[in-house]
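Inside the fold
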Amino acid sequence: MPKSQVRKKKVYTPPSDIRPAVAGASKKPSPTWLPATAVILIVVGIGWLVTYYLSSQQWPVESWRYWNLAVGFGCMVASLGILSRWR
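1. A short note on the overall build of the chain
Scanning the chain from terminus to terminus reveals two helices and zero strands. Its C-alpha atoms give the chain a radius of gyration of 26 Å, clearly above 12 Å, the size a compact globule of 87 residues would have. When the backbone C-alpha atoms are referred to their principal axes, the chain occupies close to 80 × 40 × 20 Å. Here the chain holds 87 residues, and 15% of them are scored as buried. Across the chain, every contact between residues at least 6 apart in sequence was considered, and the portion connecting residues at least 24 apart equals 61%. A total accessible area of about 7,900 Å² is found for the chain, and carbon and sulfur atoms account for 65% of it.

Below, the structure written as structure tokens:
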């Protein structure tokens, strides 16, 4: 059986005048406060929700009623937003 011919294709090289302007700046490691802040927000959110449920909906702020859930889950969602920037 005859062997098929191999295509000889030139390797693409981008033009030298078109380069990313700041390629090195976007690869910087994240600051040390970023993961610490995210962990603190997770702990505060979970602590807020646990306190709310264990106190029979009287604490942390009784007049907020179910908005206490929004505060607790909001802290945890904010931490996820912060962790999305972590390198």
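2. A closer look at helix α1 (residues 33-54)
An ideal rise of 1.5 Å per residue puts 32 Å on 22 residues; α1 measures up with 31 Å between its terminal C-alpha atoms. Considering only its buried residues, α1 is in contact with α2 (67-83).

3. Here we look at the packing of aromatic side chains
Enumeration over the complete set of coordinates arrives at two aromatic pairs. Between Trp48 and Trp64, the ring centres sit 6.1 Å apart and the planes meet at 20 degrees, which makes this aromatic pair stacked. Pair noted here: Trp48 is in helix α1 and Trp64 is in the loop between α1 and α2, with a separation of 16 residues, a long-range link. Seen from their ring centres, Tyr52 and Tyr53 are 5.5 Å apart, and the 65 degrees between their planes marks the pair as edge-to-face. Relative accessible area serves as the criterion here: at 48%, Tyr53 is assigned to the partly exposed category.

4. Quick notes on unusual backbone geometry
Residues other than glycine seldom take positive phi values, yet Arg65 does so here, at roughly 50 degrees. Here Arg65 shows up in the loop between α1 and α2.

5. Observations concerning a nonpolar patch on the surface
Judged by side-chain polarity, Ile46, Val50 and Leu54 come together as a nonpolar surface patch covering roughly 300 Å² of accessible area. Considering the arrangement of structural elements, one finds Val50 in helix α1.

6. Brief notes about the side chain of Ser30
Tracing the chain through its elements places Ser30 in the segment before α1. For Ser30, the contacting residues outside a window of four places in its chain are Arg85, Trp86 and Arg87.

7. Re the packing of α1 against α2
Axes are the key here: two packed helices are described by the angle between their axes and the distance separating the axes. Interaxial distance between α1 and α2 falls to 8 Å at its minimum, and their mutual angle equals 160 degrees. By the angle between their axes, α1 is roughly antiparallel relative to α2. Considering only the axes of α1 and α2, their crossing is left-handed. Residues Leu34, Thr37, Ala38, Leu41, Ile42, Val44, Gly45, Ile46, Trp48, Leu49, Tyr52 and Tyr53 of α1 lie in contact with α2, whose contacting residues are Asn68, Leu69, Val71, Gly72, Phe73, Cys75, Met76, Ala78, Ser79, Ile82 and Leu83. Per-class residue counts for the contact of α1 with α2 are 18 nonpolar, five polar and no charged.

Reading the values: rules and limits
Residues numbered from 1 in each chain as written. Predicted model: local features only at pLDDT ≥ 70, side-chain atom pairs only at ≥ 80, totals over all residues. Heavy atoms only, no water. Helix = DSSP H or I, 4+ residues; strand = E, 2+ residues; numbered from the N terminus. Rg over C-alpha atoms; globule rule 2.2 N^0.38 Å. Buried < 20%, exposed > 50% of the residue type's maximum accessible area, 1.4 Å probe, protein only. Contact = heavy atoms within 4.5 Å. Areas by Shrake-Rupley, 256 points an atom, 1.4 Å probe, with all protein chains shown as cover. Expected span 1.5 Å × (residues − 1). Phe/Tyr/Trp six-rings, centres within 6.5 Å; stacked < 30°, edge-to-face > 60°. Patch = residues over 30% accessible without salt bridge, like charges linked within 9 Å, V, L, I, M, F, W, Y side chains within 5 Å. Salt bridge = Lys/Arg side-chain N within 4 Å of Asp/Glu carboxyl O. Axes fitted to C-alpha atoms, helices over the stretch in contact; angles between N-to-C directions. Parallel < 35°, antiparallel > 145°, perpendicular 65-115°, else oblique. Left-handed = near helix turned anticlockwise from the far one by under 90°. Nonpolar A, V, L, I, M, F, W, Y, C, P; charged D, E, K, R; others polar.

Honestly, it's all geometry; don't read function into it.
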